[in-house]
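Descriptive analysis of the structure
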Amino acid sequence: MLLWGARVAMAQARADSARTWEVRATSGGFIPTGVARNTLKDAQLSAIQVSWLVRPLFALTGTFGWARSRDLRTTDHPKLDVFSYDVGAEARGSEWFTGSPVRGASRAA
């Protein structure tokens, strides 16, 4: 039934108005290494990433993250707030398939 109903769909194209700022919310894991491996506990990491598009293929990107960990060497293992940040440049590829149709599976005979 799914194959029978497949049709040609157009890929979403980026709007003509140039966006200069992008914001993304991401998550991951905080995994201490080295000496901190015996001191801090693994934790969930939440982050916000902000990008400023200088040109369509180049952006300046900054990320700010927060993880709630625990101190393993102290009695009662108190909670710790671990903050991280990163700033860098990002090269982006061109949009290869903008405006190209996305084709569904063909019908089986």
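Anything mentioned here points back to the structure above.
Structural notes, computed from the coordinates. (Residues numbered from 1 in each chain as written. Predicted model: local features only at pLDDT ≥ 70, side-chain atom pairs only at ≥ 80, totals over all residues. Heavy atoms only, no water.)

Some words on the overall build of the chain
A tally of regular secondary structure across the chain gives zero helices and six strands. Counting from the amino terminus, the chain carries its helices and strands in the arrangement β-β-β-β-β-β. Just so you have it, the chain exposes about 8900 Å², and 59% of that area is on carbon and sulfur atoms. (Helix = DSSP H or I, 4+ residues; strand = E, 2+ residues; numbered from the N terminus. Areas by Shrake-Rupley, 256 points an atom, 1.4 Å probe, with all protein chains shown as cover.)

Examining the sheet that holds strand β4 (residues 58–70)
If you trace the four strands from one edge of the open sheet to the other, you get β2-β3-β4-β5, paired in antiparallel fashion. Only two strands of the sheet have a single neighbouring strand rather than two, namely β2 (21–30) and β5 (79–91). Taking the axes of each pair of neighbouring strands and ignoring which way they run, one obtains an average angle of 15° across the sheet. (Pairing = 2+ DSSP bridges. Axes fitted to C-alpha atoms, helices over the stretch in contact; angles between N-to-C directions.)

So, the environment of T20
Counting through the fold element by element, T20 comes out in the loop between β1 (9–10) and β2. In this structure, the C-alpha to C-alpha distance between T20 and S51, residues 31 residues apart in sequence, is 8.1 Å. Among residues more than four places away in sequence, those in contact with T20 are S51, W52 and L53. (Contact = heavy atoms within 4.5 Å.)

A look at a nonpolar patch on the surface
Taken together, W21, V23, I48, V50, W52, V54, F58 and L60 make up a surface patch of nonpolar side chains, about 720 Å² in accessible area. Put simply, the parts of the chain that give the nonpolar patch at least two residues each are β2, β3 (43–55) and β4. With respect to the element layout, I48 can be found in strand β3. Under the relative-accessibility criterion, I48 is labelled partly exposed at 41%. (Patch = residues over 30% accessible without salt bridge, like charges linked within 9 Å, V, L, I, M, F, W, Y side chains within 5 Å. Salt bridge = Lys/Arg side-chain N within 4 Å of Asp/Glu carboxyl O. Buried < 20%, exposed > 50% of the residue type's maximum accessible area, 1.4 Å probe, protein only.)

Some points on the nonpolar core
The nonpolar side chains of a soluble globular protein tend to be buried with one another. Among the nonpolar cores identified, the biggest contains five residues, and these are F30, L40, A43, A67 and V82. Not counting the four nearest positions on each side in its chain, V82 is found in contact with F30, G65, W66, A67 and S69. (Core = buried A, V, L, I, M, F, W, Y, C linked by side-chain atoms within 4.5 Å.)

Side note on the environment of T63
On the secondary structure map, T63 appears in strand β4. For T63, a relative accessible area of 24% puts it in the partly exposed group. Sequence spacing of T63 and V87 is 24 residues, and the spatial spacing of their C-alpha atoms is 6.5 Å. Look past the residues within four positions of T63 in its chain and what remains in contact with it is A47, I48, Q49, S84, Y85 and D86. In this structure the side chain of T63 is engaged in a polar contact, spanning 3.4 Å, whose partner is the side chain of Q49. (Polar contact = N/O pair within 3.5 Å; in protein donor to acceptor, adjacent residues only side chain to side chain.)

Examining the pairing of β3
Pairing of β2 with β3, which is carried by 10 bridges, proceeds in the antiparallel orientation. Note that in β3 the partner of G28 across the bridge is L45. The sheet contact formed by β3 and β4 spans 10 bridges and is antiparallel. Across the sheet, residue L53 finds its bridge partner in β4, namely A59. Where β3 hands over to β4, the hairpin turn is made up of two residues, counted between the paired strands.

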